[in-house]
Amino acid sequence: MIGVFRAAWIIARKDLVVEARSRELAYTTLFFALSCVLVFSFALVHGAESPGADRATDAAFHSQLAAGILWVSIAFSGTLALGRTFERERQSETLRALLLAPVEHAAVYLGKLVTLLVLMFGVDLVVLPVVGFLFDAPLGAAPGLLLGVIAAGTLGFAAVGTLFAAMLVRAHSRDVLLPILLYPIAIPVILAGVRGTAAIFAAEPDLGSAFLWFSMLVFFDLVFVTLALWTFGPAMGE
Amino acid sequence: MTDAVFDFREVEVRDVSKHYGRRRALAHVELTGRAGEILGLLGPNGAGKSTLLSVLATLMRPSGGEVRYGGRLAQEVGDRLRGRIGVLGHDLYLYGDLTARENLEFFGRLHRVANLKVRVDQALDAARLTDRARERVSGFSRGLRQRLALERSLIHDPRLVLLDEPFTGLDDASTTALADRLRSLRDAGTLIVMATHDFDSADGLVDRAWCLQSGRARLLEAAGPGLGSLRERYRRALVEASA
Amino acid sequence: MVPALLVIAAILLAGSPFVVDAAPYEASMGIVSKIFYFHVPFAAAMLTSTFVSGIASAIYLIRRKPVADFVALAAAELVTVFGVVVLVSGPLWARKAWGVWWVWDPRLTMTLVMWMIFAAYLILRRFGGPGSEVLSAVVSIFGMAVAPFVYWSVNMWRTMHPQTSVVPTLPSSMAEPLWWCMAAIFSLYAALLLVRVGIERNRAALEAAYIALED
């Protein structure tokens, strides 16, 4: 048991050291996330409303929009980061070398998951204020719960994404197959994330609702991580 | 999960087959190896050499047949079996963004190598890379990477060493050095299985060899006076196989 | 087994229009509500199939028995096929009952998501290359894990979609036609599943024969 966590940490630390050196993945993923926010904002928001006009409905619409755009950006940039992380392991087939370590394969999954989470949480922490700024969203209304919803949702997405990206490393058409497989399964997580975030961003924050969505996200996280740990080993041994 | 060290002196491949749908990669392969031997798998590309090495490395499950390590199946022994196997793949398994030293340290830690620093220094020395230890591997030539990759595969003192085309891209000096290294490993009791199509380098190095073609393995005659070079014995085996 | 099931299914299905016709009209929706008698059984069969596929996939992942893989594949296909029926019959009903083809409520959304998960399973099988049997098994297991939310999502939040508590409280004049159609559609499901598994078995036997031929 300790062996699994120890090995996972060795793997994660290696990835984080590599990333800290070049920061290629961090910069590109972050920039992509911000581009997503802008693209979706331009696509969905109609021009500049005058400040006084009907603030109530504007606010309701904007809180939904802000939440949705935030989560779409997280999902898309997360998919990109997943693809890049495992593309690196594909060169020189180093994923096979990891699977040759004398420890349960689940350690490889955990190590990769930790690395991805560090990356995605970093992106979350930058994109969240940007969205708050663009949509005048009340980030301070319930900061703890807000961060909880974001973290739990990101974890759920990353848990399934890491599993699928690793599985697809040696498959054909893996670039396009990852979103095709990942998005339908991640939709419940994203849905809960959006609803929870929107409840907090609303003009009158509905914290009871938000907490319900948060609990649902935690439940998804438990189910997905557990399933991923069970299935990773069998799936990777051809 | 027990931490007891597992070891074996013999590897048996019994009637191993591997197919993907209608495509057959290995067909009823039988071979045995003992500690202190160098075995050769000879054949053209696509003959099944890499597949057989993957099966021996426990990375792939055969469609039929079994592989026994010291009489036991991989599933019986568990994850620690991999601690006794070292693999030098065709793609070398090195992280380009890490330095030579970091690569060795990383894999050494994963394999829980004792006295890691000393072992890494020894490995760098054996690969003659001590003065380039702090350079990133992405800047190395193929030959240098090959030397480093070999040491990486040996850093945990494996009982079974699997090499896929180890002589690719090596100059004469490196080839001789590699052959000497393999011989000293064999004398120390390691079982080495090497897939290659470089007959000249393998001649005189391998104790026994199999000719692989379309997934089938055929044992070559042992070396002896008047029997010819490895290449000639290989050709004879091919002729017999098609007869 | 298969012929017997097909005969049963055929008889039940042939009788179903008459049975449904005899049922009383539902108060608010008129004749359109009779889609209920087909929509619900197909939805139930679709949901059942996700569990069949998920469980078979788990068995395949652990034991690597080929027949488990065949069942997982057949069940996944049936999820998508029966899913199409559900996702077409539902909106037909919705258009008349609610005035719109679709609403974004949890049950409809989750049913569509289930459909997409298993459609993705099939795409992976088709385009993923060798080894995709094992990978798709993982997809199927996750699909099964998400499935309970389809059923319970209606009860967890107030939605436009009728509650699941409607079924147990039906008057017998409506319950009987429903169970008739359930029996019909489930026999059809079982028959289709067995036929499809049989096809996969034959395909595998053919491939084994090709390989044996080379020996």
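An account of the accompanying structure is given in this report.

Parameters at a glance
- Residues numbered from 1 in each chain as written.
- Chains lettered and ligands numbered in written order.
- Predicted model: local features only at pLDDT ≥ 70, side-chain atom pairs only at ≥ 80, totals over all residues.
- Helix = DSSP H or I, 4+ residues; strand = E, 2+ residues; numbered from the N terminus.
- Contact = placed C-beta atoms within 7 Å.
- Rg over C-alpha atoms; globule rule 2.2 N^0.38 Å.
- Buried ≥ 20, exposed ≤ 12 C-beta atoms within 10 Å, placed from the backbone.
- Axes fitted to C-alpha atoms, helices over the stretch in contact; angles between N-to-C directions.
- Parallel < 35°, antiparallel > 145°, perpendicular 65-115°, else oblique.
- Left-handed = near helix turned anticlockwise from the far one by under 90°.
- Nonpolar A, V, L, I, M, F, W, Y, C, P; charged D, E, K, R; others polar.
- Pairing = 2+ DSSP bridges.
- Core = buried A, V, L, I, M, F, W, Y, C linked by C-beta atoms within 7 Å.
- Expected span 1.5 Å × (residues − 1).
- Arc of directions from axis to C-beta.

### Some thoughts on the overall build of chain C
Counting its secondary structure elements, chain C contains 6 helices and 0 strands. Listing the helices and strands of chain C from first to last along the sequence gives α-α-α-α-α-α. Sequence-distant contacts in chain C: of pairs separated by 6 or more residues, those separated by 24 or more amount to 77%.

### Side note on the overall build of chain B
From N to C terminus, chain B includes 8 helices and 10 strands. Against the 2.2 N^0.38 benchmark of 18 Å for 243 residues, chain B shows a C-alpha radius of gyration of 18 Å, consistent with a compact globule. Dimensions of chain B, computed from the C-alpha atoms along their principal axes, are close to 55 × 45 × 35 Å. Classification of the 243 residues of chain B by burial places 42% in the buried group. Here the contacts in chain B between residues at least 6 apart in sequence split such that 71% fall between residues at least 24 apart.

### Here we look at the packing of helix H5 (residues 106–135) of chain A against helix H6 (residues 143–167) of chain A
All names here are of chain A. At their nearest, the axes of H5 and H6 sit 9 Å apart, and the two run at 140° to each other. As judged from the angle between their axes, H5 and H6 are oblique. Seen along the crossing, H5 lies across H6 with a hand that is right-handed. Taken together, the residues of H6 that come into contact with H5 (itself represented by Tyr109, Lys112, Leu113, Leu116, Leu117, Met120, Phe121, Asp124 and Leu128) are Ile150, Ala151, Thr154, Leu155, Ala158, Ala159, Thr162, Leu163 and Ala166. Looking at the contact of H5 with H6, its residues break down into 14 nonpolar, 2 polar and 2 charged.

### Quick notes on the interface of chain C and chain A
Taken together, the 22 residues of chain C in the interface contact 20 residues of chain A. Of all the secondary structure elements, the ones that give two or more residues to the side of chain C that touches chain A are helix H2 (36–63), helix H4 (106–127) and helix H5 (132–156) of chain C. The element that contributes the greatest number of residues to the side of chain C that touches chain A is H5(C), accounting for 10 residues. Along the lines of polarity and charge, the residues of the side of chain C that touches chain A split into 18 nonpolar, 4 polar and no charged.

### Looking at the packing of helix H7 (residues 174–201) of chain A against H4(C)
Following both chains from N to C, one finds H7(A) and H4(C) inclined at 160°, their axes separated by 9 Å at the closest point. Viewed along their axes, H7(A) and H4(C) adopt a mutual orientation that is roughly antiparallel. Seen from above, H7(A) lies across H4(C) with left-handed handedness. Contacts from Leu177(A), Ile180(A), Leu181(A), Pro184(A), Ile185(A), Ile187(A) and Pro188(A) in H7(A) reach Val113(C), Met116(C), Ile117(C), Ala120(C), Ile123(C), Leu124(C) and Phe127(C) in H4(C).

### Quick notes on the sheet that holds strand E3 (residues 37–42) of chain B
All names here are of chain B. Taken in spatial order, the 6 strands line up as E6-E7-E8-E3-E9-E10 in an open sheet, and their pairing is mixed. If you trace the sheet from one side to the other, it starts and ends with strand E6 (85–88) and strand E10 (216–219), each paired once. Within this sheet the neighbouring strands show an average axis-to-axis angle of 20°, counted without direction. Examined bridge by bridge, E6 and strand E7 (residues 160–164) share 4 bridges and lie parallel to one another. Within E7, the residue paired with Gly86 across the bridge is Val161. Set on the sheet, helix H1 (residues 49–56) makes contact with E3, E7, strand E8 (191–196) and strand E9 (208–213); between it and E8 the angle comes to about 155°. Here helix H5 (residues 142–154) sits on the sheet in contact with E6 and E7, set at roughly 165° to E6.

### Brief notes about the sheet that holds strand E5 (residues 72–73) of chain B
Residues and elements named next belong to chain B. Here we have 4 strands laid out as an open sheet, ordered E2-E1-E4-E5, and antiparallel in their pairing. Two strands lie at the open edges of the sheet, namely strand E2 (23–34) and E5, each paired on one side alone. Where strand E4 (residues 64–69) and E5 come together, 2 bridges link them in antiparallel fashion. Considered in E5, the bridge of Tyr69 is made with Arg72.

### Concerning unusual backbone geometry
Of note, Asn115(B) is a non-glycine position whose phi angle comes to about 50°, a positive value. Structurally, Asn115(B) is set in the loop between helix H3 (100–110) and helix H4 (116–126). One non-glycine residue with positive phi stands out, namely Arg64(C), at about 55°. Note on placement: Arg64(C) falls in the loop between H2 and helix H3 (66–98). Judged by local crowding, Arg64(C) falls into the partly exposed class, with 16 C-beta atoms found within 10 Å.

### Quick word on the interface of chain C and chain B
One frequent convention defines the size of an interface as the accessible area lost when the parts assemble. Each side of the interface is counted separately: chain C has 6 residues, and chain B has 6 residues. For the side of chain C that touches chain B, the residue count by class is 3 nonpolar, no polar and 3 charged.

### Focus on the pairing of E8(B)
Residues and elements named next belong to chain B. Within E8, 6 of the 6 residues are buried, which leaves the element mostly enclosed by the surrounding structure. On E8, burial covers both faces: Leu191, Val193 and Ala195 on one face and Ile192, Met194 and Thr196 on the other are all buried. Looking at chain direction, E3 and E8 are connected through 6 bridges and run parallel. By the bridge assignment for E8, Leu39 is matched with Val193.

### Focus: the nonpolar core
If you look at the biggest cluster of nonpolar residues, it comprises 205 residues, and the most contacted ones within it are Val160(A), Leu163(A), Leu162(B) and Ala75(C). Among the elements that make up this core, the one with the highest residue count is H7(A) (15 residues).

### So, H3(B)
Residue and element names in this part refer to chain B. Burial of H3 is extensive: 9 of the 11 residues sit out of reach of the surface. Of the positions making up H3, those classed as buried are Ala100, Arg101, Asn103, Leu104, Glu105, Phe106, Phe107, Gly108 and Leu110. Residue Arg112 follows H3 closely and has a positive phi angle near 50°.

### Observations regarding helix H8 (residues 230–242) of chain B
Residue and element names in this part refer to chain B. Taking 1.5 Å as the rise per residue, H8 with 13 residues should run 18 Å; its terminal C-alpha atoms sit 19 Å apart, in good agreement. The set of residues buried in H8 consists of Leu230, Arg233 and Tyr234. The buried residues of H8 occupy an angular sector of 105° when projected down its axis, which confines them to one face. Turned more than 90 degrees away from the buried face of H8, the exposed residues are Val239 and Ser242. Among the structural elements, E3, helix H7 (199–202) and E9 are those in contact with the buried residues of H8.

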